[in-house]
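Structural overview
Letter by letter, the chains look like this.
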Amino acid sequence: MEIYLDNSATTQVAATVRDIMVETMDMEYGNPSSMHLKGVAAEKYIRGAKETLARILKVQEKEIFFTSGGTESNNMAIIGAAMAHKRRGMHLITTKIEHPCVTKPMQYLEEQGFEVTWLNVDEYGVVSLDELKNAIREDTILVSIMYVNNEIGAVQPIKEAAELIKKINPKTLFHVDAIQAFGKYQIYPSRMGIDLMSISGHKFHGPKGIGALYVKDKVRIRPLILGGGQQQDMRSGTENVPGIAGIGMAAKVAYTDFAEKRAHQMALKDFFIDEISKLDGVKVNSRKGEDGAPHIVSVSFEGVRSEVLLHSLEEKGIYVSAGSACSSNKPAVSSTLAAIGLPKNLLDSTLRFSFSSQTTKEELEYCIESLRSLLQILRRYRAK
C-alpha cells in the first residue's frame, strides 16, 4: 500500500499532462523561435498554454511569462522589481513566514543596500493588516506576501492587503507568491490589485522545472536572464516547450470541475483535523474550513521527533513531510513554526500532511490508525 500525503512538496503528473509532453518531445520538437514549420508547430504549444493561463486568471496573454519554476518566478519578481525601481525607493516589505525563495532574495537585497520590513503573523500565521498599514512608506517600492503558506496552510487577506497598499502608496508594487494557492483558489490578479504573481507547475499535477510569472501590463521589472530576447526580452533562453505544454494542460485540468475538487479536499482536511485531534499529545497548527487552505494540515506530536515519526510512517507506506520540502532535510528550525509561536518542544516534532483531489478518506483513516499505534510505541521507547 502506498499513501502519498506530501502533495505540497510535489504532485503526481496527470496522465493528460504526460501525454502532451511526450507529444511535444516526439513529434513537435522544433525550436519555437525557428521560422520553419517545425518551429511554428512548437510555438503553438506556447501560445496555447498562455491562452489557458490567461483565461483562468482573466489577464492578458502578454502578461504571462514562463520560468523554470516557482523559485525563479519569485526571484524574477522580487529582485527584478527592486532593481527596476530602486531610484524611487529602497524599502521592501514581506512577512516572516515566506518560502525561502522569497526570504533569500529579500536577504540578498538587504546586502545590496535595500531595507526590508519583516511583518509578524498571529498564532494562525496570518499577517496583521494594521502592521502592514504602518509599514508602508513613501519609499516602499514592493510588498511581497504569499497567498497560502506552504507549511501550515495559512491564508493571507490578499485582496484587503492590495487595497491597503494601493490606497496608501499607489506606486508600491504588490507581489504574491501563489505557488500553493493556484489550483486551490479562483485568483484574478488584475481585479485583486496584484501586480506580480508566481506559480509552479508541479504543485498542481504539472511537471517539475516549469513555472510562470504574471507581470501586470506596464509594470517594469529588470530581467535576470539575458540572451536571445525570448519572451519579450523578459526571460531569455529557448523555451521549455514540453514543460510549457505540461503546465498549460495541468492548469486546464486543475480548473475543470474545480468546485467539486476543492470541496473534496476541504472535506478531507476537516475530517483529518477532527480525527487527528482525538489522539493524545497532538497540536494541530492548521485551521478548519475556509480559514485555512483546503489541502494542508500541520500537526505537532509531543514527545516524538518529526524525523523519527516520518520514517515510521514511511515503513507503513505513508509519505508525509517535516515542513517545507525545500528545507526538511536540513536541521534549521522552521521560521514559520517559530513565527506562530509554537513551543520549542514542538518545533522538531511537527509533520505536514497535504492532500490532492485523488486523496481518499480511506487513506486518511489508515493514516490516523497508523499514527495511533506508532505514537504509543515511539513515546514508550523514548520514555525508556
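Relevant structure appears above.
Residues numbered from 1 in each chain as written. Predicted model: local features only at pLDDT ≥ 70, side-chain atom pairs only at ≥ 80, totals over all residues. Heavy atoms only, no water.

Looking at the nonpolar core
Going by this rule: We define the nonpolar core as a collection of buried residues of types Ala, Val, Leu, Ile, Met, Phe, Trp, Tyr and Cys that are connected through side-chain atoms lying within 4.5 Å of one another. Each residue gets one of three labels from its accessible area relative to the maximum for its type: buried under 20%, exposed over 50%, partly exposed in between, using a 1.4 Å probe on protein chains only. Only runs of H or I of at least four residues qualify as helices and only runs of E of at least two qualify as strands under DSSP, and these elements are numbered from the N terminus. Note on definitions: a residue-residue contact is assigned when non-hydrogen atoms from the two residues lie within 4.5 Å.
By size, the foremost hydrophobic cluster in this structure holds 65 residues, and its most contacted members are Phe-66, Leu-132, Tyr-147, Phe-174, Phe-182, Ile-187 and Met-197. In terms of residue count, helix 2 (residues 37–57) provides more of this core than any other element does, eight residues in total. Beyond its immediate sequence surroundings of up to four residues, Phe-66 is in contact with Ile-46, Ala-49, Lys-50, Leu-53, Ile-210, Gly-211, Ala-212, Gln-231, Arg-235, Ile-244 and Ile-247. Counting 29 residues, the second-largest nonpolar core is a separate cluster that includes Leu-5, Leu-279, Val-304 and Leu-313.

A closer look at the pattern of salt bridges
Worth spelling out the cut-off: Salt-bridge detection follows one rule: a side-chain nitrogen of Lys or Arg within 4 Å of a carboxyl oxygen of Asp or Glu.
Here the structure, examined in full by the defined rule, presents 16 salt bridges. In this structure, Glu-43 and Arg-47 form a salt bridge, with 2.3 Å as the shortest nitrogen-oxygen distance. Here Arg-47 and Glu-43 lie together in helix 2, a separation of four residues that amounts to about one turn. The exposure class assigned to Arg-47 is partly exposed, which follows from its relative accessible area of 37%.

Quick word on the sheet that holds strand 5 (residues 140–146)
Strands in a sheet are paired, the pairing made by backbone hydrogen bonds, and the direction either parallel or antiparallel. Using the following cut-off: A pair of strands is labelled paired if DSSP reports no fewer than 2 bridges between them. To obtain an axis, a line is fitted to C-alpha atoms, over the contacting stretch when the element is a helix, and the angle between two such axes runs from 0 to 180 degrees between their N-to-C directions.
An order of 2-8-7-6-5-3-4 is seen for the seven strands of this open sheet, with the pairing classed as mixed. In the strand order of this sheet, the two ends are held by strand 2 (64–67) and strand 4 (115–119), each with one partner. When strand polarity is set aside, the average angle formed by the axes of neighbouring strands in this sheet is 20°. Pairing geometry for strand 6 (residues 173–177) and strand 7 (residues 196–200), over three bridges, is parallel.

Some details on the packing of aromatic side chains
Remark: the centre distance and the inter-plane angle together describe each pair of aromatic rings, the angle taken between the planes. Quick reminder of the rule: Stacked, tilted and edge-to-face are the three classes assigned to paired rings of Phe, Tyr and Trp, where Trp is represented by its six-membered ring and a pair needs centres within 6.5 Å; plane angles under 30 degrees give stacked, over 60 edge-to-face, the rest tilted. Distance and angle both matter: a charge sits over a ring if NZ of Lys or CZ of Arg is within 6 Å of the ring centre and within 35 degrees of the ring normal.
Enumeration over the complete set of coordinates arrives at seven aromatic pairs. Considering the side-chain rings of Phe-182 and Phe-204, the 4.8 Å spacing of their centres and the 55° angle between planes classify their relative orientation as tilted. Residue Phe-182 is located in the loop between strand 6 and helix 7 (189–192), and its partner Phe-204 is located in the loop between strand 7 and strand 8 (211–215); the two are separated by 22 residues in the primary sequence. For the ring pair Phe-182 and Tyr-255, a centre distance of 5.2 Å and an interplane angle of 65° mean the geometry is edge-to-face. Of this pair, Phe-182 sits in the loop between strand 6 and helix 7 while Tyr-255 sits in the loop between helix 8 (241–254) and helix 9 (258–276), and the two are 73 residues apart along the sequence. Neither residue differs from the other here; Phe-182 and Tyr-255 are each classed as buried. Of the aromatic side chains, those joined through ring pairs into one cluster are Phe-182, Phe-204, Tyr-255 and Phe-258. One residue, Arg-191, lies across the ring of Tyr-188, its end atom 5.0 Å from the ring centre. Residue placement shows Arg-262 over the ring face of Tyr-185; its charged tip is 4.5 Å from the ring centre.

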